[in-house]
Every structure is written in C-alpha cells, then in structure tokens.
Amino acid sequence: LVPDDFKLMVDTIRGRRNDVLGPTTEERDMLVKHNRRLIATRDIKAGERLTYGGNFGAYRSLKEDFRGISPFAWDKLEGKTASVAIARGDGIGPGDFA
C-alpha cells in the first residue's frame, strides 16, 4: 500500500472514516462485472412461483443492478412467490418475493 491508502485503511478500521460505507467507483464497476447474484432468466409475473434453473439463476448481470441477492441464498427463494413483476435480466432483491 502507498502511504495514503494505508492511512485510509487504518482510519477506516479505527472508525474515523464513516463516510466510506460502500464500494468506491472503481469497486462498483468491478462488482457489476464480476459478482454473481440471483437474476431472472425470463420475465416473471407477480404471483408466479420462483424456481432455481426455471425462471431465475445465479449469473453476472449485464446491467448496473445491485438489487440481486447473493447466489448463496438461492434456496431462500426456491418455491417462494414473486410479489412483483421482475423483468428478464433484473436482479431479484428483497421485497420481490413472499
């Protein structure tokens, strides 16, 4: 680390940098490109049952969409009902299922 990055790291660990609560611009771009999340593989209508591999799966998004839940939580969605319409390619987030 360069001195400025080291200082930022130490300040963050010590709780002095409360303004650093999310990913930086560079990290945000990386998250969009590389993180997998639960995404609708086809249009899902409100009231439709969610099935992994059927109408949703764990993929990297082509959109800047940070709503998608972690792919490790796929079993939490399996068999649930979509409470809103979800477009193909959109992440499935909290509040989208019941």
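**Overview of the packing of aromatic side chains**
Point 1. Scanning all chains against the criterion turns up two aromatic pairs.
Point 2. With centroids separated by 5.5 Å and ring planes inclined at 75°, the aromatic side chains of Y52 and F56 adopt a geometry described as edge-to-face.
Point 3. Measuring from centroid to centroid gives 5.0 Å for Y52 and W74, while their planes differ by 40°, and the two rings are tilted. One end of the pair, Y52, is in the loop between strand 1 (36-40) and strand 2 (56-60); the other, W74, is in helix 3 (residues 74-77), with 22 residues separating them in the sequence.

**Points about the pairing of strand 1**
Point 1. With four of five residues buried, strand 1 is to be regarded as a mostly interior element.
Point 2. In this structure, strand 1 lies alongside strand 2, joined through five bridges in antiparallel fashion. Counterpart to R36 in the pairing with strand 2 is R60.

**Re the pattern of salt bridges**
Point 1. On inspection of all chains with the given rule, the structure shows one salt bridge.
Point 2. Across the pair R42 and E48 runs a salt bridge, and its minimum N-O distance is 2.6 Å.
Point 3. Residue class for R42 comes out partly exposed when judged on its relative accessible area of 38%.
Point 4. Taking relative accessible area as the criterion, E48 reaches 19% and is therefore assigned buried.

**Section: the side chain of E48**
Point 1. Relative to the helices and strands, E48 resides in the loop between strand 1 and strand 2.
Point 2. Among the polar contacts made by the side chain of E48, one reaches the side chain of R42 at a distance of 2.6 Å.
Point 3. Side chain to side chain, E48 and N55 meet in a polar contact 3.4 Å long.

**So, the environment of A73**
Point 1. Checked against the element boundaries, A73 lands in the loop between strand 2 and helix 3.
Point 2. Put simply, A73 and L38 are 35 residues apart on the chain and 8.4 Å apart in space, counted from C-alpha to C-alpha.

**Some points on the nonpolar core**
Point 1. L38, A40, I44, L50, F56, A58, I69, A73, L77, A82, I86 and I92 form the largest nonpolar core, which has twelve residues in total.
Point 2. When residues of this core are traced back to their parent elements, those giving at least two are strand 1 and strand 2.
Point 3. Not counting the four nearest positions on each side in its chain, A58 is found in contact with R36, R37, L38, Y52 and P71.

**Section: a nonpolar patch on the surface**
Point 1. A cluster of nonpolar side chains, L1, F6, M9 and I13, forms an exposed patch at the surface whose accessible area comes to about 470 Å².
Point 2. When you line up the elements, F6 lands in helix 1 (residues 3-13).

Thresholds, definitions, all that
Residues numbered from 1 in each chain as written. Predicted model: local features only at pLDDT ≥ 70, side-chain atom pairs only at ≥ 80, totals over all residues. Heavy atoms only, no water. Phe/Tyr/Trp six-rings, centres within 6.5 Å; stacked < 30°, edge-to-face > 60°. Helix = DSSP H or I, 4+ residues; strand = E, 2+ residues; numbered from the N terminus. Buried < 20%, exposed > 50% of the residue type's maximum accessible area, 1.4 Å probe, protein only. Pairing = 2+ DSSP bridges. Salt bridge = Lys/Arg side-chain N within 4 Å of Asp/Glu carboxyl O. Polar contact = N/O pair within 3.5 Å; in protein donor to acceptor, adjacent residues only side chain to side chain. Core = buried A, V, L, I, M, F, W, Y, C linked by side-chain atoms within 4.5 Å. Contact = heavy atoms within 4.5 Å. Patch = residues over 30% accessible without salt bridge, like charges linked within 9 Å, V, L, I, M, F, W, Y side chains within 5 Å. Areas by Shrake-Rupley, 256 points an atom, 1.4 Å probe, with all protein chains shown as cover.

Any functional reading would require information beyond the geometric quantities listed.
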